[in-house]
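# A look at the structure
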Amino acid sequence: MRLNNAALGAVSKDIKTPIYDRSKITPGIVHIGVGNFHRAHQAWFLHKLMQDGKALDWGIIGAGVRPYDAQMRQKLLDQDCLTTLIELDPKGSSAEIVGSMIDYLPIETGHGALIAAMCDPMIRIVALTVTESGYFLDPVDGSFDASHEDIQQDIANPSAPTSAFGAIVAALAKRRAAGQGPFTLQSCDNLQGNGDVLRQTIVGLAHLIDPELAEWIAENCKFPNAMVDCIVPATGPDERALAVGLGIDDAVPVTHENFRQWVIEDSFCAGRPSWEDAGAILTQDVHAYESMKLRILNAGHQVLANVGEILSTETISATMQDPDIDAFFRKVQRDDILPYVKAVPGYTPDAYLDLIVSRFSNPSIRDTIRRVAYDGSARHSGFVLPILREAIAQDGASVKGFAFVEALWARMCAGHREDNTVIEANDPMWDELNKAALAAKDSPMAWLQQEGIYGELAEHAEFSSAFCDALSQIWSQGTRTAIKQYVSG
């Protein structure tokens, strides 16, 4: 059965379908970056509200800003923007069809359709999932990097911008001129203080275009911080086959784990859906939640990803089944990460680590090492190195685990596994990383001298010495022997 509105009545009764009238939904949110995570997380929370007869005036209009988004747009439009979500639980899978998204804007140069949609007074929230590396941040100090080509083009052509942020600024300029009022900007990416980061980028770009507009945005728009959490693998033939097995021909189904969490700062300028009624946590203190998740889960992913890639382990769950990798993961967490995580209501750091171990070990979730290792230059800079800097600020704190994690990343970026298979380019900076990694095989400091990533960390004697020792040991004795010795040390 080809998935679309007309076919919903024929879906198996074992699969939940929208019980609300989708024709009655009106738009309230433009979401830029309609990937798997958004459809399994934010779109699902809104769908859950709609199932209860709420938030029908908060429908999602999807948007993209890159040429490759056009393919996703067409696939979703062909099935009336419906998505099959398949929950993969070791105890048994289940499925439902989510219908909270009602349209997907054309992908076009200058983003005219996107700007026009955001100018509609019915749009009260503009949300984004554009990946950690999509916010034009300086990798060392996290400031707004206005030197990027896309930003320079936005400054030169503010009415026909290149980036999503340029389109947002253009829309806000039009709304201000028309007296329509602001909207809330809601980041749904894995960044510490993601709302603050989004505010920095939007206001920073606006200031370079029109300082008065920047001041208006800063005073009137809201940028709530949030923590988002759900493991959502990429979709491939296996995932599409799961949908077919359920009797549904969905071109872009989404699989996900049986866990979701969304902690949102309650700071909105034009109203919001009652997210809390769908299970989200609304609070004025997101930081402790996001710090726990970003440090234990997201930094933890980087602890596993590179050693898994080097040792030809295909998935995160498979790394957790490898006794050596599992022991390495737990030691780095307990010695180097957990000391910098505070408890939150319901979880101590140790209890949250136990939860993450259980989630990472779920064999039903085929979360590939390649997906988790992607864009390491942004993920190490965003998730691992901030904890290392905090450790260095405390005399006597352990940095050996961080040194091993970074050494494994350097070894992975050499471009081949220990079984001599090739690791394909997997980072926007791959050429530079690969060059540094090959040089570091004989001169380990060549890796740390990537100033745009490590900055002053290369000058820290204890960390740099531990890194050089770890990388030399990995190359000379092999990865498995090296991590065993680290664990036993």
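Residues numbered from 1 in each chain as written. Predicted model: local features only at pLDDT ≥ 70, side-chain atom pairs only at ≥ 80, totals over all residues. Heavy atoms only, no water.

This part covers the nonpolar core. Counting 92 residues, the largest nonpolar core has I296, F328, F329, I337, F360, W447 and F467 as its most contacted members. When residues of this core are assigned to their parent elements, the largest contribution, eleven residues, is made by helix α10 (residues 287-310). Among the nonpolar cores identified, the runner-up in size contains 42 residues, and V65, L114, M118 and V197 belong to it. (Core = buried A, V, L, I, M, F, W, Y, C linked by side-chain atoms within 4.5 Å. Buried < 20%, exposed > 50% of the residue type's maximum accessible area, 1.4 Å probe, protein only. Helix = DSSP H or I, 4+ residues; strand = E, 2+ residues; numbered from the N terminus.)

With respect to the element layout, G28 can be found in strand β1 (residues 27-32). Take G28: its relative accessible area is 0%, and that puts it in the buried class. With 370 residues separating them along the chain, G28 and S398 place their C-alpha atoms 48 Å apart. Apart from the residues within four sequence positions on either side, G28 is in contact with D57, W58, G59, M122, I123, R124 and I125. (Contact = heavy atoms within 4.5 Å.)

This brings us to the packing of aromatic side chains. The geometry of two aromatic rings is summed up by the distance between their centres and the angle between their planes. Enumeration over the complete set of coordinates arrives at twelve aromatic pairs. For the ring pair W409 and W447, a centre distance of 5.0 Å and an interplane angle of 90° mean the geometry is edge-to-face. With W409 in helix α16 (residues 400-412) and W447 in helix α18 (residues 445-448), this residue pair connects regions lying 38 residues apart in the sequence. The same class applies to W409 as to W447, namely buried. In textbook terms, an aromatic cluster arises when at least three aromatic residues are bridged by ring pairs, as seen for W44, F45, W262 and W275. If you follow R260 out to its NZ or CZ, it ends over the ring of W44, 3.8 Å from the centre. Taking NZ or CZ as reference, R411 lies 4.3 Å from the ring centre of W475, over its face. (Phe/Tyr/Trp six-rings, centres within 6.5 Å; stacked < 30°, edge-to-face > 60°. Lys NZ or Arg CZ within 6 Å of the ring centre and 35° of its normal.)

Turning next to the pairing of β1. Taken across its six residues, β1 has six buried, putting it largely inside the fold. Two elements, β1 and strand β2 (residues 59-63), share five bridges in a ladder whose sense is parallel. Looking at the pairing, I32 lines up with A63 of β2. In the sheet, β1 pairs with strand β6 (residues 125-128) via four bridges, with the strands oriented parallel. (Pairing = 2+ DSSP bridges.)

The next point concerns helix α13 (residues 349-360). Along its twelve residues, α13 runs 16 Å from first to last C-alpha, staying within 8% of the 16 Å computed at 1.5 Å per residue. For α13, the full list of buried residues reads P349, Y352, L353, L355, I356, V357, R359 and F360. The inward-facing, buried residues of α13 abut β8 (226-229), α10, α11 (316-321) and α12 (323-337). (Expected span 1.5 Å × (residues − 1).)

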